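Structural overview for review
Read off the chains here:
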Amino acid sequence: LEDELPYVEEVQSLVNARQTRGEGDTRLVDELLEEWPETPEDIAAIAARARANPFYRNLYVSEDGRTTGIVIEPMTFQPVEDDDLSGFDEIEGGESDVDEEPLYLTGFQTAALVNAAHAFVASLDLGDETEVHLMGSPVTNQEIQEQTARDMVFFSALSIAVIALLLGVVFRRWLAILMPLSLVVLAVVATVGAMAV
C-alpha cells in the first residue's frame, strides 16, 4: 500500500503493529509479527495475543477476531521535492526568497489517495468470503462532497424547472419565462465564478 497509494505517511496493521510486553524483569518492545508464524500453534498464539491487547482491539482486529483493519495514515503536509539547486536561492543578507512554511495536503490530493485506495481494493481478488471496506474521515468527506455535487446539480435543475413552470402559469409568455430565468442563471454563474476566483 505504501508503494501503490500516493500521499501515504504510514501503513499500520497486525503485520507491523508495535507490541510491548514484559518477560521477567525485562520490557520488550517489538512488532507483533517479528517472527513469522510457521505452525498453526504459532498462528493461534499470535491471534490470542492480538485479541488480548487492548490497543489492537477494534483497530487492528475486532473483538470476535473475524475482522482486521489496516490503518493508512495520510500525509499532513504536501511532500517537498528535493531540489539539487537548494541554497542558490539565497539573497543578500543570508535570507531565502523561498517560503519555507509547509503546505497542507489539498482536497484534490486527499481525493487522489482515496480514489487510488478504491482502485487498489477493486483490483484485489480475495475470494467470495473476504470483504474489503474503506472507511475513515477522508473517505467519508469525499463521499459527502460527491453526493453534494450530484444533489446540487439535480436540485438546481429541478428548481429551475419548477420556476419556469410557475412563470409559465402566471405570465403565459415565453419571453416572461426566459428573461427572469436567464438573469437567475447569469447571477448563479457569476457567483460561482467569483467563488472560484
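A brief structural summary. (Residues numbered from 1 in each chain as written. Predicted model: local features only at pLDDT ≥ 70, side-chain atom pairs only at ≥ 80, totals over all residues. Heavy atoms only, no water.)

**A closer look at the packing of helix α2 (residues 107-123) against helix α3 (residues 137-171)**
Defined as follows: Think of each axis as a best-fit line through the C-alpha atoms, taken over the contacting stretch in the case of a helix, with angles from 0 to 180 degrees between the N-to-C directions. Runs of E in the DSSP output that reach at least two residues are strands. Runs of H or I that reach at least four are helices, and both are numbered from the N terminus. Relative orientations are named as follows: roughly parallel for angles under 35 degrees, roughly antiparallel for angles over 145 degrees, roughly perpendicular for angles from 65 to 115 degrees, and oblique for any other angle. We call two residues contacting when some pair of their heavy atoms lies within 4.5 Å. Each residue gets one of three labels, nonpolar for Ala, Val, Leu, Ile, Met, Phe, Trp, Tyr, Cys and Pro, charged for Asp, Glu, Lys and Arg, and polar for the others, Gly among them.
Look at α2 against α3: their axes get within 10 Å of each other, and the N-to-C directions meet at 100°. Between α2 and α3, the crossing angle belongs to the class labelled roughly perpendicular. Of the residues in α3, those in contact with T110, A111, V114, N115 and H118 of α2 are P138, V139, Q142 and E143. For the contact of α2 with α3, a count of residues per class yields 4 nonpolar, 4 polar and 1 charged.

**Considerations on the packing of α3 against helix α4 (residues 174-196)**
Put simply, the test is: Should the near helix be turned counterclockwise from the far one by less than a right angle, the crossing is left-handed, whereas a clockwise turn marks it as right-handed.
Viewed as axis vectors pointing N to C, α3 and α4 meet at an angle of 150°, and their least axial separation amounts to 9 Å. Comparing their axes, α4 and α3 come out roughly antiparallel. Crossing of α3 over α4 shows right-handed handedness. From α3, I160, I163, A164, L167, G168 and F171 reach across to α4, where they touch A176, I177, P180, L181 and V185. For the contact of α3 with α4, the class distribution of residues is 10 nonpolar, 1 polar and no charged.

**So, the nonpolar core**
Worth spelling out the cut-off: To define a nonpolar core, start from buried Ala, Val, Leu, Ile, Met, Phe, Trp, Tyr and Cys residues and group those joined through side-chain atoms within 4.5 Å. Think of it in three bands: residues with accessible area under 20% of the maximum for their type are buried, residues over 50% are exposed, and the middle band is partly exposed, with areas taken using a 1.4 Å probe on protein chains only.
Among the nonpolar cores identified, the biggest contains 9 residues, and these are L14, A17, L32, L33, I46, A50, Y56, Y60 and V61. In this structure, A50 is in contact with L14, L32, Y56 and V61, ignoring residues within four places of it in sequence.

**Some words on the environment of E131**
The line we're drawing: Nitrogen and oxygen atoms within 3.5 Å of one another constitute a polar contact, given that in protein one can donate a hydrogen and the other can accept it, and given that sequence-neighbouring residues count only through two side-chain atoms.
Positionally, E131 belongs in the loop between α2 and α3. Linking E131 and R57, residues 74 residues apart in sequence, is a C-alpha distance of 19 Å. In this structure the side chain of E131 is engaged in a polar contact, spanning 3.0 Å, whose partner is the side chain of H133.

**Let's talk about the packing of aromatic side chains**
What counts is decided by this rule: Two rings belonging to Phe, Tyr or Trp (six-membered ring only in the last case) form a pair when the distance between their centres is within 6.5 Å. Interplanar angles under 30 degrees mark stacking, angles over 60 mark edge-to-face geometry, and anything in between is tilted.
Scanning all chains against the criterion turns up 3 aromatic pairs. Measuring from ring centre to ring centre gives 5.6 Å for Y56 and Y60, while their planes differ by 65°; the resulting arrangement is edge-to-face. The same class applies to Y56 and to Y60, which are both buried. Here F154 and F155 contribute two aromatic rings whose centre-to-centre distance is 5.0 Å and whose plane-to-plane angle is 75°, an arrangement assigned as edge-to-face. What makes F155 partly exposed here is its relative accessible area of 48%.

**Here's the deal with the environment of T76**
Structurally, T76 is set in the loop between β4 (71-74) and α2. Given the relative accessible area of 46%, T76 is considered partly exposed. In this structure, the C-alpha to C-alpha distance between T76 and T110, residues 34 residues apart in sequence, is 9.8 Å. Contacts of T76, omitting those with residues within four sequence positions, involve Y104 and L105.

**A short note on a negative patch on the surface**
Note the threshold: Patches draw on residues past 30% relative accessible area with no salt bridge. Two like charges within 9 Å are joined, as are two nonpolar side chains (Val, Leu, Ile, Met, Phe, Trp, Tyr) within 5 Å. Here the accessible surface of atoms and residues is derived via Shrake-Rupley with a 1.4 Å probe, and residues count as covered only by protein chains that are part of the display. The working definition used for a salt bridge is a side-chain nitrogen of Lys or Arg within 4 Å of a carboxyl oxygen of Asp or Glu. Counted as positive: Lys and Arg. Counted as negative: Asp and Glu, with His and the chain ends omitted from the count. All charge positions are set by atom: Lys at NZ, Arg at CZ, Asp at CG, Glu at CD.
Negative charge collects at one region of the surface, where E2, D3, E4, E9, E10 and E73 lie side by side. Position of E9 among the secondary structure elements: in strand β1 (residues 8-12).

**Overview of α2**
Under the convention used in this document: Any helix carries an expected span of 1.5 Å times its number of residues minus one.
Counted at 1.5 Å a residue, the expected span for α2 with its 17 residues is 24 Å, and the 24 Å between its end C-alpha atoms agrees. Along α2, the residues classified as buried are Q109, A111, L113, V114 and A117. Where α2 is buried, its residues meet β1, β4 and α3.

**What about the side chain of Q19?**
Along the chain, Q19 turns up in strand β2 (residues 18-23). For Q19, a relative accessible area of 6% corresponds to the buried category. Polar side-chain contacts of Q19 include one of 3.5 Å to the side chain of R49. Among all residues touching Q19, those that are not within four sequence positions of it are L28, V29, D30, E31, L32, R49 and Y56.

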